[in-house]
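If you want the building blocks of each chain, they are given just below.
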Amino acid sequence: MKWSRQTQTLSGSADIELLNRLAGLVNLPPSIEAERKKLNEVMAAVDRERMNPKPEPLIPPPVKVSPFTHQVRGYNMALMTFGLVDPPKPKEAEK
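Conventions adopted
- Residues numbered from 1 in each chain as written.
- Predicted model: local features only at pLDDT ≥ 70, side-chain atom pairs only at ≥ 80, totals over all residues.
- Heavy atoms only, no water.
- Helix = DSSP H or I, 4+ residues; strand = E, 2+ residues; numbered from the N terminus.
- Expected span 1.5 Å × (residues − 1).
- Buried < 20%, exposed > 50% of the residue type's maximum accessible area, 1.4 Å probe, protein only.
- Contact = heavy atoms within 4.5 Å.
- Core = buried A, V, L, I, M, F, W, Y, C linked by side-chain atoms within 4.5 Å.
- Polar contact = N/O pair within 3.5 Å; in protein donor to acceptor, adjacent residues only side chain to side chain.
- Salt bridge = Lys/Arg side-chain N within 4 Å of Asp/Glu carboxyl O.
- Arc of directions from axis to C-beta.

Caption draft 1: Structural detail: helix α2 (residues 30–50). The end-to-end C-alpha separation of α2 is 30 Å, in line with the 30 Å expected for 21 residues at 1.5 Å each. Those residues of α2 not exposed but buried are Glu33, Arg36, Val42, Ala45, Val46 and Glu49. Those residues of α2 that are buried lie in contact with α1 (16–25) and α3 (69–81).

Laid out in structure tokens, this is it:
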């Protein structure tokens, strides 16, 4: 974060690490807390996908050939990270 002398405030990009640190110090406004929870959910889903032994594409990939397993994982992680699909819920929570 960078200190601004004119406005007497700290400013910087609001990434997940900063939001989690701030949430540990103060109560965040409801809209920001909701965004923080969403980012944590996406991060957890990407980590689960990284370890998925048999990934299935979340939406059909726009390619003619059958992608390799690591390509399907990367495709799914990119879809979740860029917000094109909602992250799937963990299978333990569905039971």
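There's plenty left to go through after this.
Caption draft 2: Expanded view of the environment of Arg21. With respect to the secondary-structure elements, Arg21 resides in helix α1. For Arg21, a relative accessible area of 64% puts it in the exposed group.

Caption draft 3: Spotlight on the nonpolar core. Counting seven residues, the largest nonpolar core is built from Val42, Ala45, Val46, Met77, Leu79, Met80 and Val85. When residues of this core are traced back to their parent elements, those giving at least two are α2 and α3. Not counting chain neighbours up to four residues away, the residues in contact with Met77 comprise Val46, Glu49 and Arg50.

Caption draft 4: Spotlight on the environment of Glu49. Take Glu49: it is sitting in helix α2. Overall, Glu49 belongs to the buried group, its relative accessible area being 8%. A polar contact of 3.1 Å, which involves the side chain of Glu49, links it to the side chain of Asn76.

Caption draft 5: Quick peek at the pattern of salt bridges. Enumeration according to the criterion identifies three salt bridges in this entry. Across the pair Glu33 and Arg36 runs a salt bridge whose closest N-O atoms are separated by 2.7 Å. In this pair, Glu33 and Arg36 are both assigned in helix α2, three residues apart and thus about one turn of the helix distant. Given the relative accessible area of 18%, Glu33 is considered buried. The salt bridge involving Arg50 is made with Asp47; its shortest N-O contact spans 2.6 Å. You can see Arg50 and its partner Asp47 sitting in helix α2, three residues apart, about one turn around the helix. Among the residues examined, Arg50 registers a relative accessible area of 44% and is labelled partly exposed. A relative accessible area of 37% means that Asp47 is categorised as partly exposed.

Caption draft 6: View of α1. Ile16, Leu18 and Leu19 are the residues of α1 that are buried. The buried residues of α1 occupy one face: seen down the axis, they fall within an arc of 160°. Among the exposed residues of α1, those pointing more than 90 degrees away from its buried face are Glu17, Arg21, Gly24 and Leu25. Residues of α1 that are buried sit in contact with α2.

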